[in-house]
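Topology and contacts: notes
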Amino acid sequence: MDNFEQILHSLRTGEVIAYPTEGVFGVGCDPDNPQAVEKLLQLKQRSVDKGLILIAASYEQLLPYIDESQLTYEQLMAVKLTWPGPVTWIMPASSQVSKWVSGQFDTIAVRVTDHPLVQKLCLAYGKPITSTSANLSGLPSCMTTEEVIQQFGDQLPAVLHGKTGGRNKPSEIRDAKTQQVLRQG
């Protein structure tokens, strides 16, 4: 059953949602709502220092959150050549990004997704959402709606019904300035 509108409503009212991504289920919320981000961190048992990934439907949606002026044309082109797709880039954060999202860093992790359902969600919401793997600390990442419900139960009532993109692991993470791979995808 399609529950897209319910999920959109949950985002708009500051709730945390779970949704399928390219490889695993993610949990996310509005990156500009500190109360929602705090709920997400508590749910995941995750330290605020680690920071969160932002996932978007287009590069334009990420522009308010990144500081392009700190990157060369070549660095930006290397990033854009991998999108949309399952590559997350560490980029300089703009002054708009709160410490709730960037953690202890002056950078932000961002991705333009190629997952059709997440693209639809970000387009309907009008901006990126946070993305971290749907799993409790120390447990494996959830690959299905059922696994999300098993791990989180009533703590996470809003799960977008759908399938992951078929990859068997989280996205690759690269640094936009150094082009170094920080996590294999």
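Residues numbered from 1 in each chain as written. Predicted model: local features only at pLDDT ≥ 70, side-chain atom pairs only at ≥ 80, totals over all residues. Heavy atoms only, no water.

The protein is annotated in an unreviewed UniProt entry as Threonylcarbamoyl-AMP synthase of Vibrio cincinnatiensis DSM 19608. Its UniProt record, at the heading Catalytic activity (unreviewed entry), says of the protein: "L-threonine + hydrogencarbonate + ATP = L-threonylcarbamoyladenylate + diphosphate + H2O". Checking UniProt for the protein, the heading Subcellular location (unreviewed entry) contains the comment "Cytoplasm". (UniProt positions renumbered as here; feature names shortened; annotations may be inferred.)

Across its full length, the protein holds seven helices and nine strands. Rg of the C-alpha trace for the protein: 15 Å, near the compact-globule value of 16 Å for 185 residues, within the 12% margin. In terms of principal-axis extent, the alpha carbons of the protein reach across some 45 × 30 × 30 Å. Looking at the protein residue by residue over its 185 residues, the buried ones come to 52%. Taking the contacts inside the protein whose residues are at least 6 apart along the sequence as the reference set, 67% of them involve residues at least 24 apart. (Helix = DSSP H or I, 4+ residues; strand = E, 2+ residues; numbered from the N terminus. Rg over C-alpha atoms; globule rule 2.2 N^0.38 Å. Buried < 20%, exposed > 50% of the residue type's maximum accessible area, 1.4 Å probe, protein only. Contact = heavy atoms within 4.5 Å.)

Counting through the fold element by element, E22 comes out in the loop between β1 (17-20) and β2 (25-28). Note on E22: relative accessible area 4%, which makes it buried. A polar side-chain atom of E22 sits 3.0 Å from a polar atom in the side chain of R111. In this structure, E22 is in contact with I55, G85, P86, R111, T113, D114, H115, T164, G165, G166 and R167, ignoring residues within four places of it in sequence. (Polar contact = N/O pair within 3.5 Å; in protein donor to acceptor, adjacent residues only side chain to side chain.)

What follows is about the nonpolar core. Within the largest apolar cluster, 38 residues are counted, with the highest numbers of intra-cluster contacts made by W83, M91, I108, V110, V148 and L156. When residues in this core are grouped by element, the largest group, five residues, is from helix α2 (residues 34-44). Each residue touching W83, except ones within four places of it in the same chain, is listed here: Y59, L62, W89, M91, V110, R111 and V112. (Core = buried A, V, L, I, M, F, W, Y, C linked by side-chain atoms within 4.5 Å.)

Attention shifts here to the sheet that holds strand β9 (residues 181-183). The nine strands are arranged β7-β1-β2-β6-β3-β5-β4-β8-β9 in an open sheet whose pairing can be described as mixed. The open sheet has two free edges, formed respectively by β7 (158-159) and β9, since each of these has just one partner strand. With four bridges connecting them, β1 and β2 associate as antiparallel partners. Each residue of the ladder has a partner; that of Y19, found in β2, is G26. (Pairing = 2+ DSSP bridges.)

Moving on to the pairing of strand β6 (residues 129-133). Remark: a regular strand shows side chains that alternate across the two faces of the sheet. Most of β6 is tucked away: four of the five residues are buried. As paired strands, β2 and β6 are joined by two bridges and run antiparallel to one another. By the bridge assignment for β6, G26 is matched with S133. With three bridges joining them, strand β3 (residues 53-56) and β6 adopt antiparallel strand pairing. The residue bridging I55 from the neighbouring strand is I129, located in β6.

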